[in-house]
Amino acid sequence: MTLSLSGIHHVTAIASGPQENIDFYVGVLGLRLLKITVNFDDPKTYHLYYGDETGSPGTILSFFAWPEGNPGQQGPGQATAIAFAVPPGTLEWWRDRLKRHRVPCEGTSMRFGMPAMGFYDHDGLTLELVEDPSALARPVWQRGTIPPEQATRGIHSVTLGVREADATVEMLATTLGLKPVAAEGGRQRFNTCGEGPGQMVDVLALPGAPRATGGVGTVHHVGLRTPTSAEQREWRELLAAQKRQVSPATDRHYFQSITFREPGGILCEISTDQPGFLIDEPKEMLGGSLHLPAWLEGSRPEIEKELPPIVIPLAFGPQS
C-alpha cells in the first residue's frame, strides 16, 4: 500500500484564559465549540476544540488554555500562521466585522492568486482568511454567529516557519509525499492531494528571524491526517526507519496520534480520522459540557475543582 496523507487533521495552539478563547473563536469567528475536555497530560487545564458542525478533520482548531502561561514568540521552528478558507468576495465583510470587534487586521494581499488577509486573536496568535473558490462546495456550520454566506469553511493552509527550508521541503516531498505546487518569494506551497479542507502546507523561510519560543499565542503542533490506525503504524515504521524520533501511538480519545519533529524543529503529529468527536456525545450536544476519557473520569471532582468556570455558548444564530 502506498502511504499518503489526506490533509491537515487539526492545529493546536496555546491560549491564555479559556473564556476569552471561547468568546473569540465562537463569538467573533463563528466556529463551533466542539468539545470541552482537558489536556490529558495536564488535566488541571482545559483543552478546547473548535471546527465545523461535527468536527470534520481539516476544520479542527484546538487550544490548551493556560491562564497563567507566559507569552511565546512566533518564529522559525514553529507553525507561524493558520489560514481559514472563506468564500470569494467576503474579505471586506470580514474586515469590517473584525474592526467592529477591535481585532487587529493587516491589509489584503494576493497569495498564489487568492486574496488573503492576516489578523490576530486576543493572545496575538497569527490567523489568516483566504478567499478560496473551492470552499463554496464545503458544508458550513449553519447555527454559528456568522451568516453562512460569509462563514469560514475549515482550514485553508498552515504556514511552517523555518530558518532554512531545504531539509523541511525535502521531508515534505519525499517522506510525507506532499506535492510541491507553487513558490513565490520565500514561500513554497505543498498540497496533500486529498479531499476536503486543510490541503495546503506552506513552508516560509525566515533566515534572519529569532527562533520561536513556545507559550501563549503560539502554535503547539500541527496534526496531519491518516485514515486508520493501520496506516498510522506504517507511518511510524517509515519515520523510525529514517531515524526520526517518533513517539508511540497515543490515545487522544477522539483520535490516535504519533508525534515527531520535522527538520526545522516544528512539532508534527499524524492523527487518525477516527473515532471522531461523536464518540461521547451526540451531534446536537457537542461542546455543551465537560467530557473526560474513561481513565480520568474517576478524578472528575478533583479536576472540576481545579478548572476555572466558563460560560458555555448554547444559543446560536447570526449576530453582528
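Going by the structure above, here's the rest.
Residues numbered from 1 in each chain as written. Predicted model: local features only at pLDDT ≥ 70, side-chain atom pairs only at ≥ 80, totals over all residues. Heavy atoms only, no water.

Here we look at the nonpolar core
One recurring pattern in soluble globular proteins: nonpolar side chains tend to sit buried together.
Consideration 1: Judged by nonpolar contacts, the single largest core of 69 residues is most densely connected at Y25, L29, Y50 and L127.
Consideration 2: Sorting elements by how many residues they give to this core places helix α1 (residues 18–28) first, with 5 residues.
Consideration 3: Those residues in contact with L29, other than ones at most four positions away along the chain, are F24, F84, W94, L98, F119, L127 and I146.
Consideration 4: Core analysis: the next-biggest nonpolar cluster, separate from the first, contains 7 residues, I60, F255, F277 and L286 among them. (Core = buried A, V, L, I, M, F, W, Y, C linked by side-chain atoms within 4.5 Å. Buried < 20%, exposed > 50% of the residue type's maximum accessible area, 1.4 Å probe, protein only. Helix = DSSP H or I, 4+ residues; strand = E, 2+ residues; numbered from the N terminus. Contact = heavy atoms within 4.5 Å.)

A word on the pattern of salt bridges
Consideration 1: For the structure shown, the criterion picks out 12 salt bridges.
Consideration 2: In this structure, K35 engages E281 in a salt bridge whose closest nitrogen and oxygen atoms are separated by 2.8 Å. With K35 in strand β2 (residues 32–39) and E281 in the loop between β16 (267–275) and α5 (294–297), the pair connects residues that are 246 residues apart, well separated along the chain. Per residue, the accessibility class of K35 equals that of E281, and both read buried.
Consideration 3: For E304, the salt bridge identified is with R300, shortest N-O distance 3.0 Å. Placement of both E304 and R300 in helix α6 (residues 300–306) is noted, with a separation of 4 residues, approximately one turn of the helix.
Consideration 4: Taking the relative accessible area as the measure of exposure, E304 reaches 40% and is therefore partly exposed.
Consideration 5: Within this structure, K35, D280 and E281 form a network of salt bridges that share partners. (Salt bridge = Lys/Arg side-chain N within 4 Å of Asp/Glu carboxyl O.)

A short note on the packing of aromatic side chains
Between two aromatic rings, the relevant description is the distance of the centres plus the angle of the planes.
Consideration 1: As enumerated under the stated definition, the model contains 10 aromatic pairs in all.
Consideration 2: Measuring from centroid to centroid gives 6.1 Å for Y50 and F63, while their planes differ by 75°, and the two rings are edge-to-face. Here Y50 is found in strand β3 (residues 42–51), whereas its partner F63 is found in strand β4 (residues 60–65), with 13 residues between them in sequence. Both residues of the pair, Y50 and F63, belong to the buried class.
Consideration 3: The structure contains a cluster of three or more aromatic residues connected by ring pairs, namely F24, Y25, Y50 and F63. (Phe/Tyr/Trp six-rings, centres within 6.5 Å; stacked < 30°, edge-to-face > 60°.)

Some thoughts on the pairing of β4
Consideration 1: Buried residues dominate β4, accounting for 6 of its 6 residues.
Consideration 2: With burial as the criterion, each face of β4 is covered, one bearing I60, S62 and F64 and the other bearing L61, F63 and A65.
Consideration 3: Inspection of the sheet shows strand β1 (residues 8–15) paired to β4 by 6 bridges, in the parallel sense. Note on β4: the bridge partner recorded for T12 is S62.
Consideration 4: With 4 bridges connecting them, β3 and β4 associate as antiparallel partners. Residue pairing across strands places H47 opposite F64, the latter belonging to β4. (Pairing = 2+ DSSP bridges.)

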